[in-house]
Amino acid sequence: MSDYVHHKSKMADDLQDEWWLQEDDDDSANNKVEPPQTNKDNRKPAKTKLKKTTPKTITRNRPAQDSVKRKHEDVPDSGASKKNKRKRNKKKISEELTSDPTAPNPADVMSILLRGQKMELTAVEMEELTLEDQHFLSPNDLSNTTISSYLKEVVPDWLSLVGPHDAKGAPLVMVLTGAAKRAVDLNRDSASFRGKARSIKLFAKHIKVQDQVEQLSKQVVHLAVGTPARVATLVEDDALRLDHVRCVVLDWTYRDVKLRRLCDIPEVRDDLFQLLRKHLIPLAKDGILKFGLF
């Protein structure tokens, strides 16, 4: 019994101690914060840098149009290659002129002018355009180097024609060429042939149609030198009369700086063909005028 009482009293003594403080001390010991680690120089360790990671680029598939476009770009254009091939194969006029120039042939005039004509002509229209030898004066055999010498040969009665002529805007002789500069040269070179007779230059360069209409309405002209386009315009405007024309000379063998003849320039050839078809060939069929080839 005494031992039991002694044990109880001892438990009571133990309870009287500040037991909760002892537990707190134990917890604080366990949770004690350690000071930060330092190196020998009492510096904090450097923070470890994280490596930057670049975002991955997302490659999207190109649409079908892009791939088709690239294929078309890679494939050469067959049309362009054919065009370049034609250019390489096309001969220059200078390469074709291997022989000496030949005298103009009246039989070749209409066949050459009909080249490149897009209109389809009937048999009757072709017959109306047919020119015989009787419709031509003697062509230049290349012995006449100037227009004056050729005109003296084909129009020997020039002086007798000029004297009584008093019709305004109605030339007696007309020379057709392909360019304004050539018309100026031919008009100058014809001075020895025409003498005191009046001449007129009919082309579009630097000369207005209305100015030439007024000039033709006021002056008597004997010789006209011009381009087919301007001559046709003046004829259709009733400013230039053809009822007195006795000779129409085509500047057939002359070649420009590009070695082109009157019939080699597409626009000039077409204008000349229309002028002949509409106005000049009918007069030749009626025996009013004849054609000369210079």
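Our structure is the block above this text.
Only a predicted model underlies this, so the values are computations on that prediction, with no experimental measurement involved.

With that settled, consider the overall build of the protein. Across its full length, the protein carries 14 helices and five strands. Across the 294 residues that make up the protein, the buried fraction comes to 31%. Sequence-distant contacts in the protein: of pairs separated by 6 or more residues, those separated by 24 or more amount to 75%. If you sum the accessible surface of the protein, you get close to 21200 Å²; carbon and sulfur atoms cover 51% of it.

Attention shifts here to the sheet that holds strand β5 (residues 290-293). Taken in spatial order, the five strands of this open sheet run β2-β3-β1-β4-β5, and their pairing is parallel. Every interior strand has two partners, whereas the edge strands, β2 (199-202) and β5, have only one. The sheet shows a mean angle of 20° between the axes of neighbouring strands, direction not considered.

In terms of nonpolar packing, the biggest core is built from 40 residues, with M110, M174, L176, V248, W252, L280 and F291 touching the most fellow members. Of all the secondary-structure elements, those providing two or more residues to this core are α6 (107-113), β1 (173-176), β2, α13 (228-236), β4 (247-250), α14 (266-285) and β5. Broken down by element, this core gets its largest block of residues, nine residues, from α14. Not counting the four nearest positions on each side in its chain, M110 is found in contact with L129, L131, F273, L276 and I281. Counting 22 residues, the second-largest nonpolar core is a separate cluster that includes V173, A183, L223 and C247.

Contact pair helix α12 (residues 209-218) / α13: the axes reach a minimum separation of 11 Å and the direction vectors enclose 60°. Of the possible angle classes, the one that applies to α12 and α13 is oblique. For the pair α12 and α13, the crossing hand works out as right-handed. For the pair formed by α12 and α13, the contact residues are V209, Q212, V213 and L216 on the first element and R230, T233 and L234 on the second.

It is worth spelling out the packing of aromatic side chains at this point. Applying the stated criterion across every chain yields a total of three aromatic pairs. Centre to centre, the rings of Y150 and F294 are 5.8 Å apart; their planes meet at 40°, and the pair counts as tilted. Of this pair, Y150 sits in helix α8 (residues 147-154) while F294 sits in the segment after β5, and the two are 144 residues apart along the sequence. Its relative accessible area of 7% is what places F294 among the buried residues. Seen in terms of ring centroids, W158 and F193 are 4.6 Å apart; in terms of plane orientation they differ by 35°. Their pairing is tilted. In this pair, W158 is assigned in helix α9 (residues 158-162) and F193 in helix α11 (residues 191-194), connecting sequence segments 35 residues apart. F193 matches W158 in its accessibility class, with the two residues each being buried. Over the aromatic face of Y254 sits the side chain of R182, whose NZ or CZ is 3.7 Å from the ring centroid.

Our focus in this paragraph is the side chain of N144. Mapping N144 onto the fold places it in the loop between α7 (123-129) and α8. Within the structure, N144 has its side chain in polar contact with the side chain of E153 (distance 2.7 Å). Not counting residues within four places of it along the chain, the set of residues in contact with N144 comprises S149, Y150, E153 and F294.

Relative to the helices and strands, T227 is located in the loop between β3 (223-226) and α13. On the basis of relative accessibility, which here comes to 11%, the residue T227 falls in the buried class. Sequence-distant contacts of T227, defined by excluding residues within four places in its chain, comprise T177, G178, A179, A180, L202 and F203.

Here L142, not a glycine, exhibits a phi torsion of approximately 75°, which is positive. Within the secondary structure, L142 is located in the loop between α7 and α8. At H206, a position not held by glycine, the phi torsion is positive, near 65°. Assignment of secondary structure puts H206 in the loop between β2 and α12. Under the relative-accessibility criterion, H206 is labelled exposed at 76%.

The rules behind the values
- Residues numbered from 1 in each chain as written.
- Predicted model: local features only at pLDDT ≥ 70, side-chain atom pairs only at ≥ 80, totals over all residues.
- Heavy atoms only, no water.
- Helix = DSSP H or I, 4+ residues; strand = E, 2+ residues; numbered from the N terminus.
- Buried < 20%, exposed > 50% of the residue type's maximum accessible area, 1.4 Å probe, protein only.
- Contact = heavy atoms within 4.5 Å.
- Areas by Shrake-Rupley, 256 points an atom, 1.4 Å probe, with all protein chains shown as cover.
- Pairing = 2+ DSSP bridges.
- Axes fitted to C-alpha atoms, helices over the stretch in contact; angles between N-to-C directions.
- Core = buried A, V, L, I, M, F, W, Y, C linked by side-chain atoms within 4.5 Å.
- Parallel < 35°, antiparallel > 145°, perpendicular 65-115°, else oblique.
- Left-handed = near helix turned anticlockwise from the far one by under 90°.
- Phe/Tyr/Trp six-rings, centres within 6.5 Å; stacked < 30°, edge-to-face > 60°.
- Lys NZ or Arg CZ within 6 Å of the ring centre and 35° of its normal.
- Polar contact = N/O pair within 3.5 Å; in protein donor to acceptor, adjacent residues only side chain to side chain.

So far we have only geometry, and geometry alone does not tell us how the molecule works.
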